[in-house]
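Tertiary structure, described
Now for the letters of each chain:
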Amino acid sequence: MPTSFASHRQLILDLGAPPQKTFENFFAGTHTELVSRLINLDAALSATPNTDCTFYVWGGTGSGRSHLLQALVSSTSRNRARFIAPPSPLSVFGYDPRVAIYAVDDVDQLADAQQIALFNLFNEVRTSLGSGLVATGNAAPLHLAVREDVRTRLGWGLVFHLSELADENKAIVLKHAARERGLMFTDDVPTWLLTHYRRDMPSLMLVLDKLDRFALEHKRAITLPLLRTMLTDGFK
């Protein structure tokens, strides 16, 4: 492949990078109370240290759990929030008085040693004024496949369920995500996807990212025929 073409293709792929996860581009729907609490959590912990400090948010794949945690961390004052996930080393589970908010994603996927470390972190947060912990998982505390002591602790705080979006709301999310990328498409594109393609949000967002790149490479507007061509070609 000629260098000039490779560089041009790389530029196109960079232009298609998905936007940062924020509260503004999260579709709250019926979950406005949860979103409001997370938006104001840092300020609440600073103003009233003994405020509700532990949250557990659960829902299925694509419900927006990780989106909310990333939005929480990115919106919190620098170095006052820490994102923790299954790939994280054990060291990041340690309590640090300089950290106000711990955002722990996918607790159901944590290894046993990580679950023990989370249990200890949870106890530190509960006894330290001005600290908070928000964890997410794929099931309600009663049915969560983790250690019993961790499951019990997660149920102590505020528990919120993220329900699956209705199809009309998925279409709204797709259109909003497209606008953030500077894209426009007609209503038949999300309608067709929701009828003929996988309907979970991760798959829909992935095909939107691919469609963005495909349209740029072919210098064509995003239309239903272009979407069908991309899927037929098996664009990666």
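Residues numbered from 1 in each chain as written. Predicted model: local features only at pLDDT ≥ 70, side-chain atom pairs only at ≥ 80, totals over all residues. Heavy atoms only, no water.

This part is about the overall build of the chain. Helices and strands together make up the secondary structure of the chain, namely ten helices and five strands. Seen along its three principal axes, the alpha-carbon backbone of the chain occupies a region of about 60 × 40 × 35 Å. Looking at the chain residue by residue over its 236 residues, the buried ones come to 45%. Once local pairs closer than 6 in sequence are excluded, the contacts in the chain between residues at least 24 apart make up 68%. For the chain, the exposed area adds up to about 12,200 Å²; of that, 54% sits on carbon and sulfur atoms. Across the chain, the 24 positively charged side chains and the 24 negatively charged ones have centroids separated by 3 Å. (Helix = DSSP H or I, 4+ residues; strand = E, 2+ residues; numbered from the N terminus. Buried < 20%, exposed > 50% of the residue type's maximum accessible area, 1.4 Å probe, protein only. Contact = heavy atoms within 4.5 Å. Areas by Shrake-Rupley, 256 points an atom, 1.4 Å probe, with all protein chains shown as cover. Lys, Arg positive; Asp, Glu negative; His and termini not counted. Charge placed at Lys NZ, Arg CZ, Asp CG, Glu CD.)

The next point concerns unusual backbone geometry. A positive phi angle is found at Asp-106, which is not glycine, with a value near 55°. Relative to the helices and strands, Asp-106 is located in the loop between strand E3 (101-104) and helix H5 (112-127). A relative accessible area of 13% places Asp-106 in the buried class.

Enumeration according to the criterion identifies nine salt bridges in this entry. Arg-65 is the partner of Asp-106 in a salt bridge, and the nearest nitrogen-oxygen pair spans 2.8 Å. Taken together, the residues span a long stretch of sequence, with Asp-106 in the loop between E3 and H5 and Arg-65 in helix H4 (residues 65-75) at a distance of 41 residues. As a salt-bridge pair, Asp-112 and Arg-147 come within 3.7 Å of each other at their nearest N and O atoms. With Asp-112 in helix H5 and Arg-147 in the loop between strand E4 (132-137) and helix H6 (148-156), this pair connects stretches of sequence that are 35 residues apart. Here Asp-112 falls in the partly exposed class, since its relative accessible area comes to 44%. (Salt bridge = Lys/Arg side-chain N within 4 Å of Asp/Glu carboxyl O.)

The next subject is H4. Listed as buried for H4 are Arg-65, His-67, Leu-68, Leu-69, Ala-71 and Leu-72. Buried-residue contacts for H4 involve helix H2 (32-39), strand E1 (54-59), strand E2 (81-84), E3, E4 and strand E5 (158-162).

The subject of this paragraph is the packing of H5 against H6. Direction vectors running N to C along H5 and H6 enclose 35°, while the axes themselves pass 9 Å from each other. In this structure, H5 meets H6 at a crossing whose hand is left-handed. Residues Gln-115, Leu-118, Phe-119, Phe-122, Asn-123 and Arg-126 of H5 pack against Asp-149, Val-150, Arg-153, Leu-154 and Trp-156 of H6. Its residues placed into classes, the contact of H5 with H6 shows six nonpolar, two polar and three charged. (Axes fitted to C-alpha atoms, helices over the stretch in contact; angles between N-to-C directions. Left-handed = near helix turned anticlockwise from the far one by under 90°. Nonpolar A, V, L, I, M, F, W, Y, C, P; charged D, E, K, R; others polar.)

So, about H5. Residues spaced three or four apart along an α-helix face the same direction, because each turn holds 3.6 residues. In this model H5 runs 23 Å from its N-terminal to its C-terminal C-alpha over 16 residues, within 8% of the 22 Å that 1.5 Å per residue would give. When we look at burial in H5, the residues that qualify are Gln-114, Gln-115, Ala-117, Leu-118, Phe-119, Leu-121, Phe-122 and Val-125. In the core, the buried residues of H5 are packed alongside E1, E2, E3, E4 and H6. (Expected span 1.5 Å × (residues − 1).)

Of the volumes computed, that of the largest pocket is approximately 880 Å³. If you go around the largest pocket, you meet 39 residues; those closest to its centre are Gly-62, Gly-64, His-67, Met-201 and Met-205. Going through the elements one at a time, H4, helix H7 (167-180) and helix H9 (201-218) are the ones with two or more residues in the lining of the largest pocket. Here the element with the most residues in the lining of the largest pocket is H7; it accounts for six residues. Of the residues belonging to the lining of the largest pocket, the class tally is 13 nonpolar, 14 polar and twelve charged. (1 Å grid on protein atoms, 1.4 Å probe; cavity = no way out; pocket = protein on both sides within 12 Å on 5 of 7 lines; lining within 4 Å. Points joined across faces, edges and corners; volume = space filled by probe spheres on them.)

The subject of this paragraph is the pairing of E1. By the criterion of burial, E1 is predominantly enclosed, with five of the six residues buried. Sheet analysis places E1 next to E4, joined by five bridges and oriented parallel. Looking at the pairing, Phe-55 lines up with Val-134 of E4. Alignment of E1 against E5, held across five bridges, turns out to be parallel. If you follow Tyr-56 over to E5, its bridge partner there is Val-159. (Pairing = 2+ DSSP bridges.)

Bringing empty space enclosed by the protein into the picture now. For the structure on display, the rule yields one cavity of 30 Å³ or more. Approximately 40 Å³ is the volume found for the largest cavity. Residue lining of the largest cavity: Leu-174, Phe-185, Val-189, Pro-190, Leu-193, Val-207, Leu-208, Leu-211 and Leu-227, and that is the complete set. Taken together, the elements giving at least two residues each to the lining of the largest cavity come down to helix H8 (188-196) and H9.

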